[in-house]
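Coordinates in review
Residue strings, one per chain:
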Amino acid sequence: GERRTMTVAEGYQSEYRPEALLDNPHCYPVEFVVRSYLGRYPSLKMDKARYPGSTVLDLGFGDGRNLPLLRNMGMRVHGIEITEGIVQAVAGRMQKLQVDCTLAVGTNADIPYPDMTFDHVLACHSLYYIGPGTCFADNVREIERVMKPGARLVFSAPMTSAYYIQGAATADDRHFIIKTDPLGIREGATVAAFADDDAIATAFAPHFTDLVVGSCRDDYFGLAQDMWIAVATKA
């Protein structure tokens, strides 16, 4: 019979196997996350003095690599991922690292927290995944819902030149269905991608303001990881 394509949840569950995470508990944050929260830039003003004691949601925390950084900044850390297996594996990893955090199952369009919970939301390579029966606008509204007024959103989003957007089926000018993923994780997934920063601004209005957009174009040994890096404030 035909080979069944794994769902995104199955792909990431396979990628983040409990035995692999627990055998090697050490993990290292993504560069743009470090730069966004701790760097100094002309157009980005982050009030670092207000990090300690603030609440942060790591939306789609993956293997947990950014959780220790957020905790080290003094934040009260929460995170969601798409399967219970990933949550349990990363919870075990964080326990080994003595990183205090609260992790739960959720999606971009269904975050299991009350309205106005968080001072910060970090979405590292995550918020652009579109679940069945939803669209990117649903993700934006749901993220905005759990943020306090004036809370900051730090996120990445693919350019239309990103390696996994190449060859994707175009659902519309914002939504793409991935056909080929060299990593074998995202095939069949629907994602949002953006041609320019104006497209990002349009997608996040009117829920967010003070949008600051940067970019990162890297060729990591054959993978063109072309990403927008942005920070926005809940309106």
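Everything below is about the structure shown above.
Residues numbered from 1 in each chain as written. Predicted model: local features only at pLDDT ≥ 70, side-chain atom pairs only at ≥ 80, totals over all residues. Heavy atoms only, no water.

This next bit is on unusual backbone geometry. The linkage connecting Ala205 with the following residue, Pro206, adopts the cis geometry, with an omega of 0°. Mapped onto the secondary structure, Pro206 falls in the loop between helix 7 (197-204) and strand 10 (208-220). (Helix = DSSP H or I, 4+ residues; strand = E, 2+ residues; numbered from the N terminus.)

Time to look at the sheet that holds strand 7 (residues 169-170). Read from one edge of the open sheet, four strands run 5-9-8-7, paired in antiparallel fashion. Each end of this open sheet is capped by a strand with a single partner; those strands are strand 5 (129-130) and strand 7. Strand direction decides the pairing type here: strand 5 and strand 9 (residues 190-192), joined by two bridges, are antiparallel. Note on strand 9: the bridge partner recorded for Ile130 is Thr190. (Pairing = 2+ DSSP bridges.)

Let us now look at the packing of aromatic side chains. For the structure shown, the criterion picks out nine aromatic pairs. Seen in terms of ring centroids, Tyr128 and Tyr129 are 5.2 Å apart; in terms of plane orientation they differ by 25°. Their pairing is stacked. For the pair Tyr128 and Tyr129, one class covers both residues: buried. These aromatic residues form a ring-pair network of at least three members: Phe136, Phe155, Phe194, Phe204 and Phe208. (Phe/Tyr/Trp six-rings, centres within 6.5 Å; stacked < 30°, edge-to-face > 60°. Buried < 20%, exposed > 50% of the residue type's maximum accessible area, 1.4 Å probe, protein only.)

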